[in-house]
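Okay, here's what each chain looks like letter by letter:
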Amino acid sequence: MQKIIKITIILLLIFILGIFFLSLNKSSNYNTESLVGNKLGEIELVSFEDDSIFTNDDFKKNSFTLINFWASWCAPCRVEHPQLMELSKENNIQILGVNFKDKKINALKFLKDLGDPYEYLARDSNGKQSVNFGIYGIPESILIDDKLKIIKKFVGPLTNQDLNNIKEIINNL
Amino acid sequence: MLSNTGNFLLLLSISFTSFIIYQSFICLKETNDVIFKSIYKISLLQSTTILICFFTLIGAFIVSDFSLINVYQNSHTLKPIFYKISGTWGNHEGSLLLWVIILTIFSFLFLITNKNHPKNYRVNTLIIQNILILGFLFFILFNSNPFSSISPIPKEGLGLNPILQDPALAIHPPLLYVGFVGSSIYFSAAMASVITNYSGKSFAQSIKSWVIISWSFQTLGILVGSIWAYYELGWGGFWFWDPVENASLLPWFAMTALLHSLLVLEKRNILYFWSIILCLLTFTLSVTGTFLVRSGILNSVHTFANDPSRGIYILSFLSLMIFASVYILFAKYKPTHDQINSNSKETFILINNWFMMFYLITVLLGTLYPIFTDAISNNKISVGPPFYNSVIIPVVVVFLFFMAVGPKVKWIKNGFLNFKDLLKIIGGAIAVNFVITYFFKSYSLISNLIIISSVFLIISTFLDTFKKSKINFARIISHFSFGFLIFFIGLNHNFSIEKDFNLKLGETIKIDNYNFKLKDLKLQQYDNYKAVIGKIQISDLSTNEKRTLNPEIRIYNNPQTLTYEASIKTNFFRDYYLTMSNIDRSDYYNIKFQKKPLMIWIWISVVMLSFGGFLSFIRNAKNN
C-alpha cells in the first residue's frame, strides 16, 4: 500500500513538473510570426453594438488598422489599455477591438472606466472568430495595412516599445 | 567599475559558500560536538559580502550608473531617490540578490542561535541551506546577473514601470521575501532533521521561531501588496484571486498549518512527519510561486522581461529540490501510530491543518488548472473569483467555529465541552448579526453565516482572556484579529456603495444622497510625471458633510505611460474612494465613486494578526 502511495506521489510530481516544462516551451507554439506578411482572410465580425457585420471592406479604407483582442476579465488587457488610448490619438490608424469571450455589461464597464480607444468594436462571445486570426490568448494585436496585409503581430500586452514601433510604422508611410 | 566590483563580490560569495559546504563536511567527520570556528567566521564573511554586493547595486542605482544593463533598464536620472533605491529590487535580477541575502542571513542566524542543538543537525542544515544559496548564486552569475555591463554606455535609462513607483511596492517585496525565502531555513532544517534522526520536541523548538517570524512577515507582505492593489489599480478591490496573489497565499497556508502542527509536535511529540512535510511544502511552494511568476507562464505586473532560460533554470532547481526532499523523506519515513483522542486539542489543531490543506489545494488547483488545460489541450481558460468565493467562503464559516472552540480544549483528553457556554456565545453572535441587519441592511444567507461565525470567534476569543490559567496573548491577538478581519471584510462587502457617472468641469450631479461637483482641473508638473488633478466635491445631503477629493490622471515621462490615481479619504468608519478618467473626444470625465465602510479596520486587523505573530516570536524566544 505504502509503495503505491509513494509511486502515485512521484508520478503526480513528475506530471506537474512536466506540465510546467511544457508550458515553458509553449511560447514557441504560439509564435505566429509566420503569419506576418500574409493577407488576412475574409473578415466577418459581428458588431458589439448591434448585429451588423464588419467585413474586409470596412478596413480597406484605413491606412492602418490595429486589431486588438481583449476582454474585461483579462488583467494584462488593463495593463496595455493606456497604450491603446494613446494610439487612438494617432490619425493614420484606426483600432478595431474584438471583445473576446466576455459579458457585454462587463466589457462596457471596462471601457467606461478606462476609456474607449476603439473606432470599431466587435464581439466574439465564444472565441471562435479570433481563432481564425491565429489568436492564441489575449491580449493580442495585429497590425494590418490598407491591403489587409499583416504587418506585425503583438502577443501579450502592448508595451511602450510596441507603441513606438507602431507609431514609427504608421508615420513612415 | 561597479560591474567588476559586483561580479567580484558574487564570485567571492560563491567561494565562501563552497568553502562553508566543504568545511561542514569535514566537520561532520569529527566525532566531537563542536562546530569549527572557521565555519562561523566564513558564514559571517559570506553574509557581509552578499550585503556589500547588494549595496553596490543600490549604489549603482543611486548614481544612475547606466553601464549596468539592469540600471539602464529599470532606472532614470529623474526618478526620485527613494524609487531609485527601491528599483534595485523592483526587477528580476536585483530581487534575486535580495533572495540570496535572506537565504544567507537566515543561514548565519540559524547557525549562531541554535547552539543547544546537536552539531550534526546544525551542520547538515547549514550544508543544505548553502547548497540552496550556491544554486541561486550560480543562477544570478550566469543567467540573471544584475552587474552585466552594456557598451556603449547609454546617457539615460528607460525608467521604472510607473505602476511600481509606489511606497507600498517599495517595501512589499522585502517583507514578502523574508516570509517565503525565510521558509528555506526550515526546509533545510527539516531535511537535516530527517537525515540525522533529530526529531520530536527539540526539532520543533529549533524551527518554531523561524516559522513564526516568516509567517509574520509573509502576512505583512501580503497586506502591503493588497493595500497597493487597493489604491493603485483603481478598482476599489484589494484581493482579486490573481494567480500571482495566489502564489503568495499558498506558502502562507502551509506556514499557518505548520505553525499549528509544531505546537502538537512540541507538546505531544506526535505529527513529526506531517510537520516535516509541511516544512518541505512551504519552501517548495515558495519556489514554485517564483517559478510561475518569473518564467512568464503567468502574465502580470510581477512578470519581468521574459527569458525562457530563466524558467528552465528555476524549474530544474525546483525539480531537484522536490525530488531530493521526496527521496530523503521516503527513505527515512517510519510509519507512526500516534494516539490522538478525538476530543483533544491535538484533534482541533489537526482539523485546522485539514482546513489549511483544503484552502491550499483549492487555491493551487485554481491557479494551476488554466496552465494545465493550456498545456494539454490548448484550451485557454481563466479561473476567477466566482470559483474561489463559492468554494472557500462556505468553508470559512465552519473553520471559524473550530478556530473559536479549539483553544478551549485541553491537550491529550478533554472533558466534555461546555455546550451551554458555547450556545450563549452563538446566541450573542446571532444577536449582533440581527442588530446589524435590523438597523442597517439585510444581506444574503452566506453573509449572515459569515458575520455570525466571525462574531462567534471574536466573542469566544475575548472570553478566553478571563481564563484563570496562563493566557497566551499572542494566540488571543492573532485569533481575535482573524475574527475581526473576516467580520470587517463581510461588512465591507455588504455595505459598499458604488456609483459610476460622467461629469464635466463645473457640473454638479445628484445621485441618491450625494451631490458631486467637478470644481476644478489643474495641470501640475512633477519630477518624473505630470498630472491632471481633479477637484471633486462630494456633499452628503443627509449629514451636510462636504469632502473634496483629488483624483489624478498621471502622465509619466519614462516610460511614457498614463495611470489613474485614486483619491481616497479614509476615516475610522469608511473610505471615500474616487477615480477619474478622461473620455476620449469629449470634455466629460468618467468618475467612479465608492463608499467602502470600515476599510481601515481590514488593514488594522491584518497588522494585528501579524503583531500576534511577532508577540509569539518574542514569547518563544524568552521561553527558550
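Quick caveat, the model's predicted, so the values are computed rather than measured.

A. Spotlight on the overall build of chain A. Scanning chain A from terminus to terminus reveals six helices and seven strands. For chain A, the sequential pattern of α-helices and β-strands runs α-β-β-α-β-α-β-α-β-α-β-β-α. Taken along its principal axes, the extent of the C-alpha atoms in chain A is 70 × 35 × 30 Å. Counting the 173 residues in chain A, one finds 37% classified as buried. For chain A, restricting intrachain contacts to residue pairs at least 6 apart in sequence, the fraction spanning at least 24 positions comes to 76%.

B. Spotlight on the nonpolar core. Within the largest apolar cluster, 146 residues are counted, with the highest numbers of intra-cluster contacts made by V100, V211 and A254 of chain B. The greatest single-element share of this core, amounting to 17 residues, is contributed by helix α9 (residues 201-232) of chain B. There are two domains that each give this core at least three residues, and those are domain 1 (1-162) and domain 2 (166-352) of chain B. Not counting residues up to four positions away in its chain, the partners in contact with V100 of chain B are I50, I133, F136, L137 and I140 of chain B. In this structure, I67, L96, F154 and I166 of chain A belong to the second largest nonpolar core, which totals 32 residues.

C. Structural context of the sheet that holds strand β8 (residues 567-570) of chain B. If you walk across this open sheet you meet the four strands as β1-β10-β9-β8 (chain B), and the pairing is antiparallel. The open sheet is flanked by β1 (497-504) and β8 of chain B, the only strands paired with a single partner. Averaged over all neighbouring strand pairs, the angle between strand axes comes to 15°, with direction disregarded. Two strands pair when backbone bridges link them, and strand β9 (residues 574-582) of chain B and strand β10 (residues 588-597) of chain B are joined in this way by nine bridges, in the antiparallel orientation. Counted as the bridge partner of M580 of chain B is I591 of chain B from β10 of chain B. Of the strands in this sheet, β1, β9 and β10 of chain B touch helix α4 (residues 104-114) of chain A, which is tilted by about 105° from β10 of chain B.

D. Representation of the sheet that holds strand β6 (residues 140-145) of chain A. Residue and element names in this part refer to chain A. What the seven strands build is an open sheet, ordered β2-β1-β5-β4-β3-β6-β7; its pairing is mixed. Each end of this open sheet is capped by a strand with a single partner; those strands are β2 (53-55) and β7 (150-155). Going from strand to strand, the sheet's axes swing by 30° on average, the running direction of each strand aside. Examined bridge by bridge, strand β1 (residues 44-47) and strand β5 (residues 120-124) share two bridges and lie antiparallel to one another. If you follow S47 over to β5, its bridge partner there is A122.

E. Spatial organisation of the packing of helix α13 (residues 345-377) of chain B against helix α14 (residues 385-405) of chain B. Residue and element names in this part refer to chain B. As a packed pair, α13 and α14 sit with axes 10 Å apart at the nearest point and diverge in direction by 170°. On the basis of their axis angle, the class for α13 and α14 is roughly antiparallel. Residue-level contacts link F348, I351, N352, F355, F358, Y359, T362 and G366 of α13 to F387, Y388, V391, I392, V395, F399, F402, M403 and V405 of α14. A per-class count over the contact of α13 with α14 returns 14 nonpolar, three polar and no charged.

F. Examining the domain arrangement of chain B more closely. Residues and elements named next belong to chain B. Domain parsing of chain B yields domain 1 (1-162), domain 2 (166-352) and domain 3 (497-600). Using C-alpha coordinates to define each centre, domain 1 is positioned 22 Å away from domain 2. Contacts between domain 1 and domain 2 engage 27 residues on the former and 25 residues on the latter. Elements that contribute at least two residues to the side of domain 1 that touches domain 2 include exactly α4 (81-86), α5 (92-113) and α6 (119-142). Broken down by class, the residue content of the side of domain 1 that touches domain 2 amounts to 13 nonpolar, 14 polar and no charged.

G. Representation of the pairing of β7 of chain A within the structure. Residue and element names in this part refer to chain A. In terms of strand pairing, β6 meets β7 through five bridges, oriented antiparallel. Pairing of E140 across the sheet is with V155, part of β7. The turn joining β6 and β7, which pair antiparallel and follow one another in sequence, is formed by four residues; a positive phi near 65° is taken by L148.

H. Quick look at helix α1 (residues 2-29) of chain B. Residue and element names in this part refer to chain B. Taking 1.5 Å of rise per residue, 28 residues should cover 40 Å, and α1 covers 41 Å from first to last C-alpha, within 8% of that figure. Burial in α1 covers these residues: S3, G6, L9, L10, S13, F16, T17, I20, Q23, S24 and C27. Considering only its buried residues, α1 is in contact with α2 (37-62) and α6.

I. The environment of Q94 of chain A, seen in detail. Residue and element names in this part refer to chain A. Tracing the sequence through the fold places Q94 in strand β4 (residues 93-100). Sequence-wise, Q94 and Y118 are 24 residues apart; in three dimensions their C-alpha atoms are separated by 7.4 Å. For Q94, the residues in contact, after removing those within four places along its chain, are N62, T65, E119 and Y120.

J. How the structure looks around the pairing of strand β3 (residues 514-525) of chain B. Residue and element names in this part refer to chain B. Summarising the sheet, strand β2 (residues 508-511) and β3 pair through four bridges and their orientation is antiparallel. If you follow I509 over to β3, its bridge partner there is F516. Between β2 and β3, which pair antiparallel one after the other, the connecting turn spans two residues, and D512 there sits at a positive phi close to 50°. Bridge count for β3 against strand β4 (residues 529-540) is 11 bridges, and the pairing is antiparallel. The residue bridging N515 from the neighbouring strand is S539, located in β4.

Rules behind the numbers
In this convention, every chain numbers its residues from 1, walking through the sequence in written order. Chain letters and ligand numbers both follow the written order, the letters beginning at A and the numbers at 1. Two thresholds apply to this predicted model, a pLDDT of at least 70 for residue-level local features and 80 or more for giving and counting side-chain atom pairs, whereas whole-chain, interface and lining totals are computed over all residues. Secondary structure elements are defined from DSSP: runs of H or I of at least 4 residues count as helices, runs of E of at least 2 residues count as strands, and each element is numbered from the N terminus. Exposure in this text rests on C-beta crowding, where 20 or more other C-beta atoms within 10 Å of a residue's own make it buried, 12 or fewer make it exposed, and counts in between make it partly exposed. The C-beta atoms are placed from the backbone. A pair of residues counts as a contact when their C-beta atoms, built from backbone coordinates, are within 7 Å of each other. Throughout this description, the term nonpolar core refers to a group of buried Ala, Val, Leu, Ile, Met, Phe, Trp, Tyr and Cys residues whose C-beta atoms join them within 7 Å. Domain ranges listed in this record stem from an automatic or a database domain assignment. At least two DSSP bridges between two strands are required for those strands to pair. Fitting a line to C-alpha atoms yields each axis, with helices limited to the stretch in contact; the angle taken between N-to-C directions then spans 0 to 180 degrees. Here the angle decides the label: under 35 degrees means roughly parallel, over 145 means roughly antiparallel, 65 to 115 means roughly perpendicular, and every other value means oblique. Classes in brief: Ala, Val, Leu, Ile, Met, Phe, Trp, Tyr, Cys and Pro nonpolar; Asp, Glu, Lys and Arg charged; the others, Gly included, polar. In a helix, the anticipated span is given by 1.5 Å times the number of residues less one.

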